[in-house]
Amino acid sequence: MKRFVATLVATAALGALAFPALAQSGSKTLEQVKQKGFLTCGTNTGLAGFGLPDDKGNWTGLDVDLCRGVAAAIFGDPSKVKFIPLSAKDRFTALQSGEIDVLSRNGTWTQSREAELGLLWAGVNYYDGQGFMVRKKLNIASALELSGASICVQQGTTTELNMADFFRTNSMKYEGVAFADINEAVKAYDSGRCDAYTTDASGLYASRLKLVNPDEHVVLPEIISKEPLGPAVRQGDDQWFNLVRWTHFAMINAEELGVTKANVDEQLKSTNPEVKRFLGVEGDFGKGLGLSKAWAYQIVKAVGNYGEVFDRNVGANSSLKIKRGLNNLWSKGGIQYAPPVR
Amino acid sequence: MRRRRGGISMTDAQASAKPSISPLYDPRVRAFVYQAALLLVLGFLVYEAVVNASMNMRARGIPTDFSFWNRVSGFDVNQTLIDYSAVSTYGKAFWVGLLNTLLVGAIGVVLTTFVGFAVGIARLSPNFVVAKLATFYVEILRNTPLLLQLLFWYNAVLKPLPNPRDSISLGAGIFVNNRGLILPDPQWGPGADWVMWSLVIGCGLALVFRAVARKRQADTGQILPVGLVSLLLIVGLPLIVFFAMGRPLGFEIPVLRGFNFAGGVRVLPEFVALLLGLVLYTAAFIAEIVRAGILSVSKGQTEAAYALGLTHGQTLKLVVIPQAMRVIIPPLTNQYLNLIKNSSLAVFIGYPDLVQVFAGTVLNQTGAAVQVIAITMAVYLVISLVTSFFMNIYNRRKALVER
């Protein structure tokens, strides 16, 4: 009988402890991250250029560098990130439930995802669009010739929906074969289960590198959708939202101001007031974000500016060789634009 | 512990019939109070959890209702047993997934029973090679993970099949390629109804004949050829009608057009891989259950049957199996439930079952994680309970024979 009473008391105590903790997890993400000592970042399970671990377990990619930038802004150390690889199907649940602090996993910013999933997109770190990849020997020049094709796709993506729209609009038939994991979908395409593979154009180029014979495959010219990819956070914590958003803006501003990973220390002596404000030599713009004065300096010092991150991961200095295009600065013909730090 | 003590003291109290005990020391009152307190605490915990979760969800803008059910889904599914397209609702997508799960479950349960019984009996075969082969089968399949077997069937066996242009033709308009098994689509012409009805009548007549034969055997000991007559009635009768009506059946032969065959019926390789994996894996367990069941029938029964002059087949069918069934059925039910629940592994090989379509895409698209997972769990619970309900009825009927 004593044991029974003890169990009762223990259960009640546990309940009393657990519930307030749950109720609080909606806000103060920054404090929790500082307390933990590291940032938890949701990434792709393996997409070259965006989020991919090497054989030593080091993550690289455009999305990965954004998380490293956030960690650098908070801790001054880009290595204080724990990466959690997530499939497209599980990613939003992981963010909603608080398992991760930020989702930087080439996720498309859509109305319903913000209005219905309780998420907010902090910005667009890659402007993309959906395309198709097919085998060269099929002799297809356009996506409009895909009627009747079997198409492999990753489940739970905007890609799956756009594909349905595209084929409906053009009154063509198709068979979509949906896989939970991107690697399974690519493998199925490579083995011949599907005639085409569809995802965001950047993803097509990245996946092509993984195929047995990349040269036997070609990406079709049609881009059938707008895919603004960027990091997402939970709703209800404006400070955290601002922090992630301004990490992204800091990287763009750095490129615009000519501040690079290599010259950031020199730039501390710059006479340009914009650079001075940006690097925290003048004023204290980190305070409102809950960060130190040198927040932007720490970001650039750790990962470089947006242009450097782009070139290193997906652009000229990477195996993907994707052109800047829409992702160039607004002043150079693209649409990457960041509000000023002042 | 608690209950036992309460029980003992209760009988004590009744036996000695002591008149007045303070309610504080009355074991019955105490037991009631403790149970009520436990129930209250449990209820409170559940209530708190629900309220807390929905409050937090609402605070973060996550939907807490089921209004998504009637919204347009916007995605397609490549195997649908009911009419479904991207303009259908999420609710309809649920039914599509559920039916796909039930399809693989129903066919799987039937096939695995046959394979399991065959292998189980083979393990006891006096033929050395057959017995060893069956043992080999059971030990290999039972001792490797099911997911691995599914991936093996899908990636190693089905995907290396040729592409549609180099399809393997099996004749009669049947083709095999890496898009699946393509069969001719039967097109019933006028008069096909009569063939269907003759099949129904044939089955009915066969049942009647069986009853007559049973009575005859009970009365006179004469054995009528039930199997042969039933075969004639069930297969022969519809065949005669079929030819009499001028063969009212055409086939739409699949033709290679563009990327794949047009026309015909296509069985997805994902479906075949899932079915193969589930059936062969579960059959290994059923084989062991069958073997155990047969071995549980004492040898004296077999010897007595031989002494009465029954053949080996008759002994198995009339004496051993009916008694073995009593041991076999309860664990067999477990295996059926396992097969149905394991079918959710379909998500790894791209077969659009309930988990893939509903708990996968619908959940992701709507963000209603709690509701979708709750519905999915409820569905598996209902399927399992219904299956065990029917198996229990069957079990009771079999168990009644015991004296």
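Residues numbered from 1 in each chain as written. Chains lettered and ligands numbered in written order. Predicted model: local features only at pLDDT ≥ 70, side-chain atom pairs only at ≥ 80, totals over all residues.

### Considering the overall build of chain B
Part 1: Along its length, chain B carries 12 helices and eight strands.
Part 2: Taking 2.2 N^0.38 as the reference for a compact globule, 403 residues should give roughly 22 Å; the C-alpha atoms of chain B span a radius of gyration of 29 Å, well beyond that estimate.
Part 3: For chain B, the C-alpha atoms occupy an extent of roughly 90 × 70 × 45 Å along the three principal directions.
Part 4: Going through the 403 residues of chain B one by one, you find that 28% of them count as buried. (Helix = DSSP H or I, 4+ residues; strand = E, 2+ residues; numbered from the N terminus. Rg over C-alpha atoms; globule rule 2.2 N^0.38 Å. Buried ≥ 20, exposed ≤ 12 C-beta atoms within 10 Å, placed from the backbone.)

### Focus: the overall build of chain A
Part 1: The helix and strand tally for chain A stands at 13 helices and 13 strands.
Part 2: By the compact-globule yardstick of 20 Å for 342 residues, chain A fits well, its C-alpha radius of gyration being 22 Å.
Part 3: For chain A, with 342 residues in total, the buried portion stands at 51%.
Part 4: Sequence separation of at least 24 residues holds for 72% of the intrachain contacts in chain A that already meet a minimum separation of 6. (Contact = placed C-beta atoms within 7 Å.)

### Here we look at the sheet that holds strand E3 (residues 180–183) of chain B
All names here are of chain B.
Part 1: Spatially, E1-E2-E3-E8 is the arrangement adopted by the four strands of the open sheet, whose pairing is antiparallel. The outermost strands of the open sheet, each flanked by one partner alone, are strand E1 (168–169) and strand E8 (265–267).
Part 2: Sheet topology places E1 next to strand E2 (residues 175–177); two bridges connect them, and they run antiparallel. Residue pairing across strands places serine 169 opposite phenylalanine 175, the latter belonging to E2. (Pairing = 2+ DSSP bridges.)

### Here's the deal with helix H9 (residues 238–257) of chain A
All names here are of chain A.
Part 1: Taking 1.5 Å of rise per residue, 20 residues should cover 28 Å, and H9 covers 27 Å from first to last C-alpha, within 8% of that figure.
Part 2: In terms of burial, H9 is a largely internal element, 16 of the 20 residues being buried.
Part 3: Note on H9: the residue one or two positions beyond its end, glycine 258, has a positive phi of about 80 degrees. (Expected span 1.5 Å × (residues − 1).)

### As for the domain arrangement of chain A
All names here are of chain A.
Part 1: Domain annotation of chain A identifies domain 1 (29–127 + 228–332) and domain 2 (130–225).
Part 2: Placing the centre of domain 1 and that of domain 2 at their C-alpha centroids yields a distance of 29 Å.
Part 3: Every contact between the two is made by 18 residues of domain 1 and, on the other side, 15 residues of domain 2.
Part 4: A breakdown of the residues in the side of domain 1 that touches domain 2 according to their chemical character gives nine nonpolar, eight polar and one charged. (Domains from an automatic or database assignment. Nonpolar A, V, L, I, M, F, W, Y, C, P; charged D, E, K, R; others polar.)

### Notes on the interface of chain B and chain A
Part 1: With 38 residues of chain B in contact, the opposing surface of chain A contributes 41 residues.
Part 2: Broken down by secondary-structure element, the contributors of at least two residues to the side of chain B that touches chain A are helix H2 (27–59) and helix H11 (354–366) of chain B.
Part 3: At nine residues, H2(B) tops the list of elements feeding residues into the side of chain B that touches chain A.

### Quick word on the environment of B:Phe175
Part 1: Take B:Phe175: it is sitting in strand E2.
Part 2: Along the primary structure B:Phe175 and B:Arg266 are separated by 91 residues, whereas in three dimensions their C-alpha atoms are 9.5 Å apart.

### With respect to the domain arrangement of chain B
Part 1: According to the domain assignment, chain B consists of domain 1 (2–59) and domain 2 (90–184 + 253–399).
Part 2: Summarising the inter-unit geometry, the C-alpha centres of domain 1 of chain B and domain 2 of chain B are found 45 Å apart.

### Regarding the pairing of E3(B)
Residues and elements named next belong to chain B.
Part 1: Here E2 pairs with E3 via three bridges, running antiparallel. Within E3, the position partnered with valine 176 by the bridge is leucine 181.
Part 2: Counted along the chain from E2 to the antiparallel partner E3, the turn is two residues long.
Part 3: Inspection of the sheet shows E3 paired to E8 by three bridges, in the antiparallel sense. Along E8, the bridge assignment pairs isoleucine 182 with arginine 266.

### Points about the sheet that holds strand E12 (residues 217–219) of chain A
All names here are of chain A.
Part 1: Taken together, the five strands give an open sheet; going across it, the order is E10-E9-E11-E8-E12, and neighbouring strands pair in mixed fashion. Unpaired on one side and paired on the other, strand E10 (174–179) and E12 mark the two borders of the sheet. With strand direction ignored, the average angle separating the axes of adjacent strands in the sheet is 30 degrees.
Part 2: With two bridges connecting them, strand E9 (residues 149–154) and strand E11 (residues 196–200) associate as parallel partners. Among the inter-strand pairings, cysteine 152 is bridged to a residue of E11, identified as tyrosine 197.
Part 3: Helix H6 (residues 158–169) contacts strand E8 (130–135), E9, E10 and E11 of the sheet and is inclined by roughly 155 degrees relative to E9.
Part 4: Across the face of the sheet, helix H8 (residues 201–208) comes into contact with E8, E11 and E12 while running at roughly 125 degrees to E11. (Axes fitted to C-alpha atoms, helices over the stretch in contact; angles between N-to-C directions.)

### Quick word on the pairing of E10(A)
Residues and elements named next belong to chain A.
Part 1: Buried residues dominate E10, accounting for six of its six residues.
Part 2: A two-sided burial pattern is seen for E10, the buried positions comprising Tyr174, Gly176 and Ala178 on one face and Glu175, Val177 and Phe179 on the other.
Part 3: Across six bridges, the pairing between E9 and E10 is parallel. Bridge pairing in E10 places alanine 149 opposite tyrosine 174.
Part 4: One crossover worth recording links E9 to the parallel E10 by way of H6, and it is right-handed. (Right-handed = clockwise from strand over helix to strand, strands pointing away.)

### Observations regarding unusual backbone geometry
Residue and element names in this part refer to chain A.
Part 1: Even without glycine at this site, serine 171 takes up a positive phi of about 35 degrees.
Part 2: Mapped onto the fold, serine 171 is located in the loop between H6 and E10.
Part 3: The exposure class assigned to serine 171 is exposed, which follows from the 7 C-beta atoms found within 10 Å.
Part 4: Of note in the backbone geometry, lysine 321 takes a positive phi value of approximately 55 degrees without being a glycine.

### Comments concerning the nonpolar core
Part 1: By size, the foremost hydrophobic cluster in this structure holds 157 residues, and its most contacted members are A:Val70, A:Cys152, A:Ile299 and B:Leu274.
Part 2: Looking at this core, the element that brings in the most residues is helix H8 (residues 269–296) of chain B, giving 16 residues.
Part 3: With near-sequence residues (within four places) excluded, A:Ile299 lies in contact with A:Gly69, A:Ala72, A:Ala73, A:Thr247, A:Ala250 and A:Met251. (Core = buried A, V, L, I, M, F, W, Y, C linked by C-beta atoms within 7 Å.)

### A few points about helix H12 (residues 369–399) of chain B
Part 1: Across its 31 residues, H12(B) extends 44 Å between first and last C-alpha, which sits within 8% of the 45 Å expected from 1.5 Å per residue.
Part 2: Listed in full, the buried residues belonging to H12(B) are B:Ala369, B:Val372 and B:Thr376.
Part 3: On the buried face of H12(B), the contacting elements are helix H4 (91–96) of chain A together with H11 of chain B.

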